[in-house]
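Listed below, chain by chain, are the residues.
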Amino acid sequence: MSFEFTFDGHVVSAEPGQSIAAALIAHGRRTWRRTRTGAPRGVFCGIGVCFDCLVTVNGRPNRRACLIEVTEGDRVETQDGAGRADLAC
Amino acid sequence: MEPAVPTSPADYDVAVLGAGPAGLAASVAAASAGARVALVDAGARAGGQYWRHRPGDAGRGQHDWARFQRFRAALETGGTDHFAGHSIWHVERTSDGFATHTTDGEANRVVESRTVVVATGAYDRQLPFPGWTLPGVFTAGGVQALLKGHGVLAGKRIAVAGTGPFLPAVAAGLLTAGADVVGVFEAGSPLNFARHPFAVARNVAKVREGARYFRTLLRHRVPYLTRATVVAAHGDGAVAGVTVAKLDSAWRVVPGTSRDLACDAVAVGYGFTPQVEIPLQLGCATRLDADGSLVTIVDDRQRGTVEGVFVAGEACGVGGAALSVTEGEIAGLYAAHATIPRQRLRHLTRRRDAQRAFAAAMHQAFPLGPQWTSWMDSETTVCRCEEVAAGEIIYAVRDLGAIDARSVKLYARPGMGLCQGRVCGFATSGLVARHAGRAVTADDLCGIAKRPIAQPLTLGALADTMEEE
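What you are looking at is a predicted structure, and each value in this text was computed from that prediction instead of being measured.

Colleague: Pulling in residues and values, what's your account of the environment of B:V230?
Modeller: Residues and elements named next belong to chain B. By secondary structure assignment, the location of V230 is in strand 12 (residues 228-234). In this structure, the C-alpha to C-alpha distance between V230 and V318, residues 88 residues apart in sequence, is 24 Å. In this structure, V230 is in contact with F129, A159, A161, F185, V242, T243, V244, V266 and Y270, ignoring residues within four places of it in sequence.

Colleague: Provide a residue-level description of the packing of helix 1 (residues 21-32) of chain B against helix 8 (residues 321-335) of chain B, including the pertinent values.
Modeller: Packed helix pairs are specified by the crossing angle of their axes together with the interaxial distance, meaning the distance between the axes. Residue and element names in this part refer to chain B. Put simply, helix 1 and helix 8 touch, their axes get as near as 7 Å, and they point 30° apart. Of the possible angle classes, the one that applies to helix 1 and helix 8 is roughly parallel. Regarding helix 1 and helix 8, the two cross each other, and that crossing is right-handed. Each of P21, A22, A25, A26, A29 and A30 in helix 1 lies in contact with helix 8, whose residues at this interface are A321, S324, V325, G328, E329, G332 and L333. The residue inventory of the contact of helix 1 with helix 8, partitioned by class, reads 9 nonpolar, 3 polar and 1 charged.

Colleague: Which residues make up the packing of helix 10 (residues 390-398) of chain B against helix 11 (residues 405-412) of chain B, and what values go with them?
Modeller: Residues and elements named next belong to chain B. Where helix 10 meets helix 11, the axes come as close as 9 Å, and the angle between the chain directions of the two elements is 115°. In terms of orientation, helix 10 lies roughly perpendicular with respect to helix 11. Crossing angle aside, the handedness with which helix 10 passes helix 11 is right-handed. Along its contact with helix 10, which presents E392, I393, A396 and V397, the element helix 11 presents V408, Y411 and A412. Residue composition of the contact of helix 10 with helix 11, grouped by class: 6 nonpolar, no polar and 1 charged.

Colleague: Can you tell me about the state of the cysteines, naming the residues and giving the values?
Modeller: All names here are of chain B. Within this structure, the stated rule accounts for 0 disulfides over all chains. There is no disulfide at C385, and the cysteine sulfur nearest it, in C419, is 3.8 Å away. Lacking any disulfide linkage, C424 is separated from the closest cysteine sulfur, that of C383, by 4.2 Å.

Colleague: Would you mind going over the pairing of strand 9 (residues 157-163) of chain B in detail, with residue names and values included?
Modeller: Residues and elements named next belong to chain B. Extensive coverage of strand 9 is indicated by the burial of 6 of its 7 residues. With 6 bridges connecting them, strand 9 and strand 10 (residues 180-186) associate as parallel partners. Bridging across to strand 10, A159 finds its partner in G183. Taken together, strand 9, helix 4 (residues 166-176) and strand 10 constitute a β-α-β crossover, and its handedness is right-handed.

Colleague: Hey, could you go over helix 12 (residues 425-435) of chain B for me, with residue numbers and the actual values?
Modeller: Residues and elements named next belong to chain B. Summarising burial for helix 12: 9 of the 11 residues are buried, a large majority. All buried positions along helix 12 are accounted for by G425, F426, A427, T428, S429, G430, L431, V432 and A433. Buried residues along helix 12 sit against strand 20 (381-383), helix 10, helix 11 and helix 13 (442-449). Following helix 12 by one or two positions, G437 has its phi on the positive side, about 70°.

Colleague: Got a sec to walk through unusual backbone geometry? Specific residues and values, please.
Modeller: Backbone geometry at A:F51 places phi at a positive 65°, although glycine is not the residue there. Its location among the elements puts A:F51 in the loop between strand 4 (40-41) and strand 5 (54-57). Of the residues examined, A:F51 reaches a relative accessible area of 6% and is grouped as buried. A positive phi angle, close to 80°, is found at B:W251, a residue other than glycine. Within the secondary structure, B:W251 is located in the loop between strand 13 (241-246) and strand 14 (259-262). Of the residues examined, B:W251 reaches a relative accessible area of 2% and is grouped as buried.

Colleague: Can you lay out the pattern of salt bridges for me, pointing to particular residues and giving the numbers?
Modeller: Considering all chains together, one arrives at 21 salt bridges over all chains under this definition. For the salt bridge of B:D13 with B:R36, the shortest nitrogen-to-oxygen distance reads 3.1 Å. With B:D13 in strand 1 (residues 12-17) and B:R36 in the loop between helix 1 and strand 2 (37-40), this pair connects stretches of sequence that are 23 residues apart. Each of A:R33, A:R41, A:D52, B:R384 and B:E387 takes part in a single network of salt bridges with overlapping partners.

Colleague: Describe the sheet that holds strand 15 (residues 265-270) of chain B, and please don't skip the residues or the numbers.
Modeller: Residues and elements named next belong to chain B. Strand order in the open sheet formed by 5 strands is 8-15-9-10-11, and the pairing between neighbours is parallel. The strands lining the two open edges of the sheet, one partner per strand, are strand 8 (137-139) and strand 11 (224-226). Adjacent strand axes in the sheet meet at a mean angle of 20°, parallel and antiparallel pairs treated alike. Packed onto the sheet, helix 3 (residues 140-150) meets strand 8 and strand 15 and runs at close to 85° relative to strand 8.

Colleague: Lay out the packing of aromatic side chains in plain terms, naming residues and giving numbers.
Modeller: Residues and elements named next belong to chain B. Scanning the entire structure with this criterion turns up 11 aromatic pairs over all chains. Ring geometry for Y50 and W51: centres 5.3 Å apart, planes at 70°, overall edge-to-face. The partly exposed category is assigned to Y50, whose relative accessible area is 25%. A ring pair is formed by F214 and Y224, whose centres lie 4.8 Å apart and whose planes are at 85°; its orientation type is edge-to-face.

The rules behind each value
Residues numbered from 1 in each chain as written. Chains lettered and ligands numbered in written order. Predicted model: local features only at pLDDT ≥ 70, side-chain atom pairs only at ≥ 80, totals over all residues. Heavy atoms only, no water. Helix = DSSP H or I, 4+ residues; strand = E, 2+ residues; numbered from the N terminus. Contact = heavy atoms within 4.5 Å. Axes fitted to C-alpha atoms, helices over the stretch in contact; angles between N-to-C directions. Parallel < 35°, antiparallel > 145°, perpendicular 65-115°, else oblique. Left-handed = near helix turned anticlockwise from the far one by under 90°. Nonpolar A, V, L, I, M, F, W, Y, C, P; charged D, E, K, R; others polar. Disulfide = S-S within 2.5 Å. Buried < 20%, exposed > 50% of the residue type's maximum accessible area, 1.4 Å probe, protein only. Pairing = 2+ DSSP bridges. Right-handed = clockwise from strand over helix to strand, strands pointing away. Salt bridge = Lys/Arg side-chain N within 4 Å of Asp/Glu carboxyl O. Phe/Tyr/Trp six-rings, centres within 6.5 Å; stacked < 30°, edge-to-face > 60°.

Rendered as structure tokens:
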């Protein structure tokens, strides 16, 4: 049974058990982070090793999109850089 | 078999760290010997990378799924406590065993046990090339994980590149799921494998499995090119194509053989890097394996060099799921202090020997060519986290006098980012050794694989742990 979450305000559908990254890729989205130098990043390792796919989930930054199973109503946002002070929890 | 006698206040007799093939086999074996077992794993469901699956998955596209179902059933009926979704960030010795520190992202949990079985597996080994940081370039395992774990194709037109027997498996899975695979580019020339008839004869099932993948490639008319690889990825913001080139025996690009192919995804992997941070945290000795990986030294009983630490699967040598299951079973039984009937032991030991011989033949058939460093230019990113280019690493060696990866890390920061050198550690070590005019040593890899805190934690979470103590 598919359900919906939001990604930077846009409504995206997902299947149960899908990671945030998988749901975004299924919708044709490959890029969602910029590094400190502005380089685009998306998923690389897909298994929680590389930290390239970081997103902010329900206000919490630095979450690995490839590991977190998306749930209905989640608010997912892109983040620039990694571990910036203004993003720290 | 005699049940393990609890002689300590530890919560568990055995803590199994990792729920892939090795960890599942170890858990089931230890529980069957009467031990109280904790199975700790970061995944939401048991299976590890090999049996990664979706909730309610019927096992389509999975290999040896019946075995996984048996393990899962045994896990449920055997009284094992499965701590799913728990990342392990530190394991330490206590007065009567081990304390495994975990986090589920919210709270910390410490699992105490008399022995531990480390079954932490491996992840894809990467060699940097220009454009490999572009979105759309994935690890081969990542592409597999998206497909098996989430039912999602990484792209529509996919190039598969690197080295090793995993590449045709990934390509076959993609084709079966409906992707267009533009080619499988194998940097090595695996015909060498025919030189190991004995190892092949003892592992017929593995050879059949490989043959099935190649039949799938053939049926879809997908080329499998050897001595060729993806040497660059291009695109504005994401992958739009790759450059593929022929390689000589040392893996230098053969001039005039480069050609561009359009694709929207690349799956790349050059073998695997075992996860050995837990054995290193515990002080276990390591060695350089035939495939160039740092692995934990184990004896016949899968014991590491520190008492009470058992290691099974890729963490003591990359060899695939079947070998991991055998090693896991042996480790689980010994970790539970089981008395193993002689016949079962002989059977297990023989199977392990045959499977290790096959793994060794694979390592010899798919060696890395020393000239992979020539695909990079000075601008090529090596450390993806800290965005350190090859030129900066070479500068640290040539001009600043750094002679090992650890000192280069201090000068130029490769391996200092969030992944803690997991992705670039092998490449950085290789690049440093090459420019220092020597071979990569176990010390190089050890220096870069030591991670006292293996997962990112907030300071708040760390402080909570201290207060508990």
